[in-house]
Amino acid sequence: MALRQIRIQGDAILEKKCREITEMTPRIKELIEDMLDTMYDANGVGLAGPQVGVLKRIAVIDIGEGPVVLINPVIEQADGEQTGDEGCLSLPGKAGQVTRPNHVVVRALNENMEEYIIEGEELMARALCHEIDHLDGHMYTELVEGQVHDVTYEED
């Protein structure tokens with residue numbers, strides 16, 4: 001498939017609310033594959049439609065347990081609390097302390113437009129909240145406690 005350009009904070013598309021997806025089309029199937037390829041190439045754990053310039057309610061996540069496709073996701077339940085460093089492919093090399101729910105229940109459609117429920121704790125809960133925020137035009141930097149700071153990654 002193809003790698004897509006990741007939009008960087010400051011791009012107006014990242015501040016727009018996304019439209020729901022009403023049917024699976026060949027174009028949406030291609031978008032899912034491209035988003036997964038782009039996320040893996042950038043060593044990310046999640047990627048949302050607006051980050052690749054598409055204002056549709058779609059996100060992909062992989063925290064190391066295999067890819068998850070979320071179409072029209074809605075947080076049904078959130079509880080607990082966790083605070084930790086959070087980063088974003090749309091703000092490379094930066095991170096900030098963000099408090100998120102420690103457990104979430106999300107209702108979404110999969111790549112076959114079948115409804116399912118996904119529960120996430122810790123990193124998965126953080127990723128689900130982060131990507132759904134993108135679909136509503138919000139970035140984690142709005143929630144940072146203190147300052148956004150530089151992060152360095154060690155090469156394998």
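Right above here is the structure, for reference.
An account of the accompanying structure is given in this report. (Residues numbered from 1 in each chain as written. Predicted model: local features only at pLDDT ≥ 70, side-chain atom pairs only at ≥ 80, totals over all residues. Heavy atoms only, no water.)

1. Concerning the overall build of the protein chain
- Across its full length, the protein chain holds two helices and eight strands.
- The order of α-helices and β-strands along the protein chain, N terminus first, is α-β-β-β-β-β-β-β-α-β.
- Its C-alpha atoms give the protein chain a radius of gyration of 15 Å, within 12% of the compact-globule value 15 Å for 156 residues.
- C-alpha extents for the protein chain along the principal axes are approximately 40 × 35 × 35 Å.
- A total of 156 residues make up the protein chain; the buried ones form 47% of that total.
- In the protein chain, of all internal contacts separated by at least 6 residues, the share reaching a separation of at least 24 is 66%.
- With an accessible surface of roughly 8,300 Å², the protein chain has 46% of that area assigned to carbon and sulfur atoms. (Helix = DSSP H or I, 4+ residues; strand = E, 2+ residues; numbered from the N terminus. Rg over C-alpha atoms; globule rule 2.2 N^0.38 Å. Buried < 20%, exposed > 50% of the residue type's maximum accessible area, 1.4 Å probe, protein only. Contact = heavy atoms within 4.5 Å. Areas by Shrake-Rupley, 256 points an atom, 1.4 Å probe, with all protein chains shown as cover.)

2. Observations concerning the nonpolar core
- Core analysis: the biggest nonpolar cluster contains 26 residues, and Ile 61, Leu 70, Val 106, Ile 118 and Leu 128 have the highest contact counts within it.
- Among the secondary structure elements, those contributing two or more residues to this core are strand 2 (58-61), strand 3 (68-79), strand 6 (103-109) and helix 2 (123-135).
- Tallying contributions element by element places helix 2 first for this core, with seven residues.
- Of all hydrophobic cores here, the second largest spans 17 residues; its members include Ile 28, Met 35, Leu 36 and Met 39. (Core = buried A, V, L, I, M, F, W, Y, C linked by side-chain atoms within 4.5 Å.)

3. Let's talk about helix 1 (residues 26-41)
- Taking 1.5 Å of rise per residue, the 16 residues of helix 1 would be expected to cover 22 Å, and the 22 Å separating its terminal C-alpha atoms lies within 8% of that figure.
- Buried within helix 1 we find Ile 28, Leu 31, Ile 32, Asp 34, Met 35, Leu 36, Thr 38 and Met 39.
- Contacts from the buried residues of helix 1 go to strand 1 (46-48), strand 2 and strand 3. (Expected span 1.5 Å × (residues − 1).)

4. Here we look at unusual backbone geometry
- Located in the positive-phi region is Met 113, a residue other than glycine, with phi close to 60°.
- Mapped onto the elements, Met 113 comes out in the loop between strand 6 and strand 7 (115-121).
- Met 113 sits in the partly exposed class, given a relative accessible area of 22%.
- Phi at Glu 122 is positive, roughly 50°, even though this residue is not glycine.

5. Re the sheet that holds strand 6
- The strand order 1-2-3-6-7 describes an open sheet built from five strands, whose pairing is antiparallel. Strands at the two margins of the open sheet, each flanked by one partner only, are strand 1 and strand 7. Geometrically, the sheet is characterised by an average inter-axis angle of 40° between neighbouring strands, direction not taken into account.
- Sheet topology places strand 2 next to strand 3; four bridges connect them, and they run antiparallel. Its bridge partner being in strand 3, Val 60 is matched across the sheet by Val 69.
- Sheet contacts for helix 1: strand 1, strand 2 and strand 3; angle to strand 2, the most-contacted strand, approximately 40°. (Pairing = 2+ DSSP bridges. Axes fitted to C-alpha atoms, helices over the stretch in contact; angles between N-to-C directions.)

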